[in-house]
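If you want the building blocks of each chain, they are given just below.
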Amino acid sequence: RDLRIQSPRMASIRDALRPVLKALKIFFFTIQILFYFMITPIFFLLLAPFVTARRAIRWNFSYLTWCMRARPHFMGPIDQKQVQEFRGVVFTTHKGWFDFCINNYFGLPASLSRLMVAICCPAAFLLATLSGNFLVFRRSSPTPKKGSASPAASPAPNGGHPLGVRICDYLAKRNPRLLVFPEGHRNHERGLLPLRTGIFRICFQFQIPVLLAPAEGSQYIIDESRYLLDRSGRPYVVNFARIVHPKDFPTWEAFHQSCTLTFTAAYQEAVERYDAIRASTKRGLARSCSPTPVPAPVPAPADAPAASVATPPAASSPCPAPFTCSSSKSD
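Just so it is clear, the model here is predicted, and its values are computed rather than measured.

A. Main features of the sheet that holds strand β7 (residues 215-216). A sheet is described by the order of its strands in space; here three strands give the open sequence β1-β10-β7, paired in mixed fashion. On the outer flanks of this sheet lie β1 (71-75) and β7, each paired with one strand and no other. Inspection of the sheet shows β1 paired to strand β10 (residues 235-239) by five bridges, in the parallel sense. Each residue of the ladder has a partner; that of arginine 71, found in β10, is proline 235.

Spelled out as structure tokens, the structure:
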């Protein structure tokens, strides 16, 4: 059998089927994404008139995280009560599509997103807009000048950066928290992209407090690089590291540098915690799948017949036969 599989003919068949299998994998992955992010919100949107839009979107996020079998792990000096009471901008990492399901972990904040998200997911956009959980921005919005960001430049929402005015108005009237991805783009790989300076200038100019809460693990739950939805119970680690107040810094550059250093160090801690959780899970699985120790045979008395010698029980394992406990596949 091994010779037939490794033959040139089988190799050519595998090469011919590889594009077809990849196309099927992409097709089924796309169907699942469309169902969870375009079809499912329609059901909760229909529930909104009966249970309020805010409760409906909370149930939508809970349903999505349940479907993905994500296991959240929180760390850091900021507890959940402080997160719920926080008023300002929440900074976290953006690794994949699962980041659109995590709002419940951050006190149900509004998301600062582009108009393209609203076009691609109209039902989710309408539900989020009704519940005060969506604020649209344009990348082409003008940025403040370098010398305009000072403590006395425009602390009130009656002037200054137009996006900052909208953020202050939204925080005051619709939602006290705003979820922002300071990297500016989705990053599937482990690590951080350089943090953009625009949102830091806005927060400094309008004196908006910032909660630094980097996370790790979403890129493995909905893996866009492998076209895979992993429902094996992957951990999602959030490090609620620090609440930073712009009034404690003389310039926006000092504010940006402090936030960047804290955000980077907190992300590394989240990565280490994620790896520790995955390692402990694999060790626990290996222990549960290890064979039962076989006791040594008990010698029979000298005057006993030969048939009375105790026979040790056969080794047993809770794992099925094809299962391999020593898998070395990395995340």
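B. Seen up close, helix α8 (residues 198-205). The element α8 is extensively covered by neighbouring structure, given that seven of its eight residues are classed as buried. Within α8, the full set of buried residues consists of Ile199, Phe200, Arg201, Ile202, Cys203, Phe204 and Gln205. Backbone geometry just after α8 places glutamine 207 at a positive phi near 55°.

C. Seen up close, the pattern of salt bridges. One pass over the structure, following the stated rule, counts seven salt bridges. When salt bridges with common partners are traced through the structure, they connect Arg190, Glu216 and Asp275 into a single cluster.

D. Broad picture of the sheet that holds strand β2 (residues 88-91). Strand order across the open sheet formed by six strands is β4-β3-β5-β2-β6-β11, with mixed pairing between neighbours. Because the sheet does not close on itself, it has two edges, and the strands there are β4 (134-137) and β11 (242-244). Going from strand to strand, the sheet's axes swing by 30° on average, the running direction of each strand aside. Each of β2, β3 (110-114), β4 and β5 (177-180) touches helix α7 (residues 162-173); the most contacted strand, β4, lies at about 175° to it.

About the criteria used
Residue positions within a chain follow its written sequence, with the count starting from 1. In keeping with the model being predicted, local features are shown solely for residues with a pLDDT of at least 70 and side-chain atom pairs are shown and tallied solely at 80 or more, while totals for entire chains, interfaces and linings include all residues. Processing note: side-chain calculations cover all non-hydrogen atoms of the structure and skip hydrogens and water entirely. Paired strands are those between which DSSP finds at least two bridges. Each helix is a run of H or I in the DSSP string that is no shorter than four residues. Each strand is a run of E no shorter than two, and both are numbered from the N terminus. Each residue gets one of three labels from its accessible area relative to the maximum for its type: buried under 20%, exposed over 50%, partly exposed in between, using a 1.4 Å probe on protein chains only. Salt bridge, as applied in this entry: a Lys or Arg side-chain nitrogen positioned within 4 Å of an Asp or Glu carboxyl oxygen. To define axes, lines are fitted to C-alpha atoms, for helices over the stretch in contact only, and angles between the resulting N-to-C directions are given on a 0 to 180 degree scale. Residues are treated as being in contact if the distance between any of their heavy atoms lies within 4.5 Å.

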